[in-house]
Amino acid sequence: MGRNFPPDLLHSRKLIPCAGHCKYAPAKSVANSKLASQTRHFAPDVPMSYSLITAVHAGGKSADQPTLFAFSPRTWPTANREQPRPNGVAGAGYPLPGATPETMAAAEGPRFMTRMTGAQMVLDSLQREGVDTIFGYPGGVVLPLYDTLPQFPGIRHILVRHEQAAAHMADGYARASGRMGTCLGTSGPGATNLVTGICTSWMDSTPVFALTGNVARSLLGKDGFQEADITGITHSITKHNYLVMRPEEIPLSIREAAHICRTGRPGPVLVDIPKDVFQETAEYDWPEQINLRGYKPTVEGHSGMIRRAAELIDQAERPIIIAGHGVIWSDAQAALLELAERAGIPVITTFLGIGAFPESHPLSYGWLGMHGMFYANQAADKADLIIGVGMRFDDRAMGRFSAFNPGVKIVHIDIDPAEIGKNFPVAVPIVGSAANVLPRLAEQVKEAKHQPWIRWIDQCREEHPSLHIRESRRMLPQFVVRTLYEETNGDANIVTGVGQHQMWAGQHISTSALASSSVPAGSGRWGSNSQAPSARRSLAPMPRHGPSAETAASR
Amino acid sequence: MTLQEMAVLVDEGLPVKIAIFNNGYLGMVRQWQQLFYDKNLVSVAMTQPDFVKLADAYGIRGIRVETKAEVASAIREARAHKGPILLDFQIDQEENVWPMVPAGAALSETIEAPAEELAR
């Protein structure tokens, strides 16, 4: 740890033990508590990074050595606070309901009074949010950030050649790992080059954290060199974005942004930081809890709605499940399998839902849509009940809305209430996570088989086998795709761009391999396929679906 | 658009296998123009660089696959190769994706591959 810090930072560190008289002493209400008696507090007078404090902390665990704690005066709900803070944020404002100083101390653990530059705060905050890889491209206003990067050996920076690659790699990283992908670009053209990748992430609901620099605060709005109103530009393609005007707000902004990014329906967020905010030193106040009044995703489905849905499923003669991307993001594949098997319901997926249901299963009938299987399209069109899970009934999947299966009843399960009823009227809406709703639905439905309906779909599949690759002396792309799949034993992680090859890959590569893939579907971004694999392989492989991320194709 | 990122593969030592389905066209757009715009192909035929030479310029091994017989062995070679590798498959230029639901059509109007295409 020590060798990665600049020498002057280590050697100039001074810790002044204080006997309880300095302003960093805990409030009187806890001065006599057990916790207070075990601590001594220090008043550091140089900036220290969190990593350094951790190293010191780890070394002082024995009883006779005081652990390095320092309570920020802002932890306590005292009236004589120096600066008013936004409402609802523990540690920096009013206490949460039911909080007492003791409970807050116990819940939050040690608080460190440190002063850091904005750049250090950014990297420390990202590190606390679990970010271990940043895809980026340097530029003028993010120089302070790049200057600070070596101080954080836990964060690996991948240098790209164009910011679009950074955004697409962050997207690919998110799809491969299930975690938040992070990309970084400078101001102006650097930020605008991220836009397409952010839009891809927006359309396909993947958690991407975009960090951009901006010109100094004094130049904002004055058409400075390489200035762009990136928060305005990405307003409609991010779940939320931030322009951080004070370094003290960096930890809160990043914590909130990461929370918004990953929870509910995942989606991109952007944090824009002016150059001088990176450079300014301020107190680092990491909010242990955040409270976003206007953002409370509903995870638990309404039990009354689930009961109604179960009734409809029991009554249906030709039910079908359409599983989408949301099943994969909420890891609800097992629950989906349970529901389908119990109620005997055939399952088709959307293009992004490939991998939500094992293709080898007898109830699996491929995917529907513009280039989906003939029999899957027919099944969707002739069903009397559609259970849509984690999908959005978009035009590519459903065809012309007005001509789609008149009279069908739809049960729509989605974590985003905005999708429910957007394109089709829904008989039973269930807002919640697939992982929460599907098991509860599975235990309420009656066991059934629906044999005549399944026989009908099987018959359709026999008459219209959409996946047959004809014999030809030409090198057919379908043949190449199929050979790729077979030669890699179905183990390869496949990433595609957009276009014909994407469709052929979707058709001829079996579920488990494509499930670990990145297929930019919603925004149709071409050319991004070369970027995502770099992201996928660079991370310590964490297989989300399919046999393995350490595949034949990545050896 | 993005082939310069091959440099990242080299920088980071990432063993990614790139498979290019090279038909010399912007395929999906060409398909639509062929089917729905009376075979009026506009701005879809594209000169392709020699991808093998391009990969070589980045220090990546490249293999051009020109016949159907070479496909399997090329993929096996790519699997065995440590490090990044590029495969340039010279696929059939006129092949279309089927089944298809034309834009504006219903799912019940899914079209399957026409007989003359199946005969090619």
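Conventions used here
Residues numbered from 1 in each chain as written. Chains lettered and ligands numbered in written order. Predicted model: local features only at pLDDT ≥ 70, side-chain atom pairs only at ≥ 80, totals over all residues. Helix = DSSP H or I, 4+ residues; strand = E, 2+ residues; numbered from the N terminus. Rg over C-alpha atoms; globule rule 2.2 N^0.38 Å. Buried ≥ 20, exposed ≤ 12 C-beta atoms within 10 Å, placed from the backbone. Contact = placed C-beta atoms within 7 Å. Expected span 1.5 Å × (residues − 1). Arc of directions from axis to C-beta. Nonpolar A, V, L, I, M, F, W, Y, C, P; charged D, E, K, R; others polar.

Concerning the overall build of chain B
Tallying secondary structure elements over chain B gives 5 helices and 3 strands in all. Listed N to C, the secondary structure of chain B is α-β-α-α-β-α-β-α in terms of helices and strands. Taken over C-alpha atoms, the radius of gyration comes to 18 Å for chain B, far larger than the 14 Å a tight globule of 120 residues would show. When its C-alpha atoms are laid out on the principal axes, chain B stretches across 50 × 30 × 25 Å. Looking at the 120 residues of chain B, the share that counts as buried comes to 32%. In chain B, the proportion of contacts linking residues at least 24 apart, taken out of those at least 6 apart, comes to 58%.

So, the overall build of chain A
Helices and strands together make up the secondary structure of chain A, namely 24 helices and 17 strands. Here chain A, with 555 residues, has 52% of them falling under the buried criterion. Here the analysis covers contacts within chain A between residues at least 6 apart in sequence; of these, 75% occur between residues at least 24 apart.

Digging into helix α14 (residues 303–315) of chain A
Residues and elements named next belong to chain A. Here α14 contains 13 residues, and its C-alpha end-to-end distance of 19 Å stays within 8% of the 18 Å for a straight helix at 1.5 Å per residue. For α14, the complete set of buried residues consists of I306, A309, A310 and I313. One face of α14 carries all of its buried residues, which in axial projection span an arc of 100°. Those residues of α14 that are exposed and angled more than 90 degrees off the buried face are G304 and Q315. Elements in contact with the buried residues of α14: β12 (319–323), α16 (333–343), β15 (385–389), β16 (409–414), β17 (428–431) and α19 (434–444).

A closer look at the interface of chain B and chain A
Counting residues at the interface gives 46 residues for chain B, matched by 53 residues for chain A. When residues of the side of chain B that touches chain A are traced back to their parent elements, those giving at least two are α1 (6–12), β1 (17–22), α2 (27–36), α4 (71–80) and β3 (85–90) of chain B. Split into classes, the residues belonging to the side of chain B that touches chain A amount to 25 nonpolar, 9 polar and 12 charged.

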